[in-house]
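Spelled out, the chains give:
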2 protein chains.
Amino acid sequence: MQNIYDNPVFFDGYSRLREKTDNANDLFETPALMGLLPDLAGCAVLDLGCGMGDHCAEYVRRGAAKVVGIDISEKMLAAARERNGGPRIEYLRLPMEQLGALDGPFDVVASSLAIHYVADYAGLAANVFRLLKPGGVFAFSQEHPLTSCFTTGERWTKNEKGEKVFANISNYSVDGERLTEWMVEGVRKYHRTFSTVVNTLVDAGFAVERLVEPVPDAEMRRAYPRHADLVHKPDFLLVRARRPR
Amino acid sequence: MQNIYDNPVFFDGYSRLREKTDNANDLFETPALMGLLPDLAGCAVLDLGCGMGDHCAEYVRRGAAKVVGIDISEKMLAAARERNGGPRIEYLRLPMEQLGALDGPFDVVASSLAIHYVADYAGLAANVFRLLKPGGVFAFSQEHPLTSCFTTGERWTKNEKGEKVFANISNYSVDGERLTEWMVEGVRKYHRTFSTVVNTLVDAGFAVERLVEPVPDAEMRRAYPRHADLVHKPDFLLVRARRPR
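Residues numbered from 1 in each chain as written. Chains lettered and ligands numbered in written order. Predicted model: local features only at pLDDT ≥ 70, side-chain atom pairs only at ≥ 80, totals over all residues. Heavy atoms only, no water.

Caption draft 1: Geometry of the overall build of chain A. The number of helices and strands found in chain A is eight helices and 11 strands. Taken over the C-alpha trace, chain A has a radius of gyration of 18 Å; the compact-globule value for 245 residues is 18 Å, and the two agree within 12%. C-alpha extents for chain A along the principal axes are approximately 55 × 40 × 35 Å. Out of the 245 residues in chain A, the part that is buried amounts to 57%. By sequence separation, contacts in chain A at least 24 residues apart represent 67% of the contacts at least 6 residues apart. Approximately 10,300 Å² of chain A is accessible, and the part contributed by carbon and sulfur atoms is 49%. Looking at chain A, you have 30 positive and 33 negative side-chain charges, and the mean spots of the two groups are 3 Å apart. (Helix = DSSP H or I, 4+ residues; strand = E, 2+ residues; numbered from the N terminus. Rg over C-alpha atoms; globule rule 2.2 N^0.38 Å. Buried < 20%, exposed > 50% of the residue type's maximum accessible area, 1.4 Å probe, protein only. Contact = heavy atoms within 4.5 Å. Areas by Shrake-Rupley, 256 points an atom, 1.4 Å probe, with all protein chains shown as cover. Lys, Arg positive; Asp, Glu negative; His and termini not counted. Charge placed at Lys NZ, Arg CZ, Asp CG, Glu CD.)

Now the structure itself:
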């Protein structure tokens, strides 16, 4: 388990990144994740890797009766309690790897861009399945496999004008750890192929209902040209799976 | 609908390709497809795009009571009847786009590397669902989305030694027609993202049970070094979906 978010350099860099108004999370990832959620009215919701709690607060605004946000980072949870606290939200310091310590049941388990930090995806899927009520929904976003597969070299081939022509893909088929630099060196993430992402959920008992690979439409490409390259290689993959009744 | 297989140049080229003993279909695609099939004993099996009937004959060897192979190409069907005929196999000239003309029910609908030629994948999925018995299996292979997305330029970035370093990926997110040269010019195929492949089956009523992206293991890479690049970019995607009971 790693806790990069309590590294002060990382925390500051991350905080600044998320404050930008045109960041890809706000534009593409979060709307796609919200679009996968069922009606939350009266629901018990668990948020895996809740960070500063923005999503937890949103789940309450959408009518959730109870939201539990877990995160490995004390700094994140302190920010969450300050910015996004409330009587219907409970924040717990708990790594996703220790979900076995948590009791359910929940109607919805959600997670935003956290699961690619977990080595034991099968164990996570089994725990989420156990924590969900029958009929409950597991909705999450993660790095897109075409992004997480990155191993070495340049991510893009550009033309003379500096425009991105090809996403450089290598070792897509090799599941496992990837060390990258993101604010700090040595950030450890886990690449998984599409088949691993889907089959692991099926093996845990889930019905896979939806995959989403958000990309900007023509209007969004004009408004945010720096995100136009998502047409070649998406940043995010979102999944909705259901524990059968 | 296109019928490239009745083009004599294409047919001859294709025939020679499939006769090579180290072709990727025989090494990776066909074993993966067979691995997705249920026990065929006593089953009625439909093969979409049956070509020369090798798979139909294999389904009979695996115990199928009845096999129907459909294909758009008269040349392919003539070869199939000659090489792989038999009392339990019926070959029909029927494009996959006209599955509505066929009556079921079947226990299994299989298809090997044909579905990426069909524009209306949703229509195909709906027809297959209708033709299957409850509990029946739809198992197919298609070009891998990282292969079918190809639009322009070179497929690979190579180093000074000529080794493949990166698969050059563009327009992965853009579903739709791709014109390629394969034996003949202007072969029309359809690229679909993973989310389209999966969601279309879910929308048709299927439970998606398995995705397979076959790649050579270390032993296969040593035996067939020219296929080692599949580690970077698979050629094939296989899917097993089930009509719920």
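Caption draft 2: The sheet that holds strand E4 (residues 106–112) of chain B, seen in detail. Residue and element names in this part refer to chain B. Read across the open sheet, the seven strands follow the order E3-E2-E1-E4-E5-E11-E10; overall the sheet is mixed. Two strands bound the open sheet, and with one partner strand each, they are strand E3 (89–93) and strand E10 (207–212). Each strand of the sheet is rotated relative to its neighbour by a mean of 15°, with strand direction disregarded. Contacting E4, strand E5 (132–143), E10 and strand E11 (236–242), helix H2 (residues 24–36) runs over the sheet at an angle of about 15° to E11. Strands strand E2 (66–71) and E3 of the sheet are contacted by helix H4 (residues 74–84), whose axis makes an angle of about 170° with E3. (Pairing = 2+ DSSP bridges. Axes fitted to C-alpha atoms, helices over the stretch in contact; angles between N-to-C directions.)

Caption draft 3: Focus on the pairing of strand E2 (residues 66–71) of chain A. All names here are of chain A. A large share of E2 lies buried, amounting to five of its six residues. Where strand E1 (residues 44–48) lies against E2, five bridges are found, and the strand directions are parallel. Among the inter-strand pairings, Leu 46 is bridged to a residue of E2, identified as Val 68. As for the winding sense of the linkage, the β-α-β connection from E1 through helix H3 (residues 54–61) to E2 is right-handed. The pairing of E2 with strand E3 (residues 89–93) spans five bridges and is parallel. If you follow Asp 71 over to E3, its bridge partner there is Arg 93. You can see the chain leave E2, run along helix H4 (residues 74–84) and come back into E3, and the turn it takes is right-handed. (Right-handed = clockwise from strand over helix to strand, strands pointing away.)

Caption draft 4: The sheet that holds E1 of chain A, seen in detail. All names here are of chain A. The seven strands are arranged E3-E2-E1-E4-E5-E11-E10 in an open sheet whose pairing can be described as mixed. Only two strands of the sheet have a single neighbouring strand rather than two, namely E3 and strand E10 (207–212). Looking at each pair of strands side by side, their axes are set apart by 15° on average, direction ignored. With seven bridges connecting them, strand E5 (residues 132–143) and strand E11 (residues 236–242) associate as antiparallel partners. In the sheet register, Val 137 faces E11, and the bridge partner there is Arg 242. Packing of helix H2 (residues 24–36) onto the sheet brings it into contact with strand E4 (106–112), E5, E10 and E11, and relative to E11 it is tilted by some 15°. Contacts from H4 reach E2 and E3, with the element oriented near 170° to E3.

Caption draft 5: Focus on the interface of chain B and chain A. Taken together, the 34 residues of chain B in the interface contact 34 residues of chain A. The contact between chain B and chain A buries some 2,600 Å² in all, and 55% of this surface belongs to carbon and sulfur atoms. Our count for the contact surface shared by chain B and chain A stands at two salt bridges. Between Arg 210 of chain B and Asp 203 of chain A there is a salt bridge whose closest N-O contact spans 2.9 Å. For the side of chain B that touches chain A, the element with the highest residue contribution is helix H7 (residues 194–203) of chain B, accounting for six residues. Residues of the side of chain B that touches chain A, tallied by class, amount to 17 nonpolar, 12 polar and five charged. Sheet topology note: the strand E7 (residues 164–169) of chain A/strand E7 (residues 164–169) of chain B ladder contains three bridges and is antiparallel. Its bridge partner lying in E7 of chain B, Ala 167 of chain A is registered against Ile 169 of chain B. (Buried area = accessible area lost by both parts, 1.4 Å probe. Salt bridge = Lys/Arg side-chain N within 4 Å of Asp/Glu carboxyl O. Nonpolar A, V, L, I, M, F, W, Y, C, P; charged D, E, K, R; others polar.)

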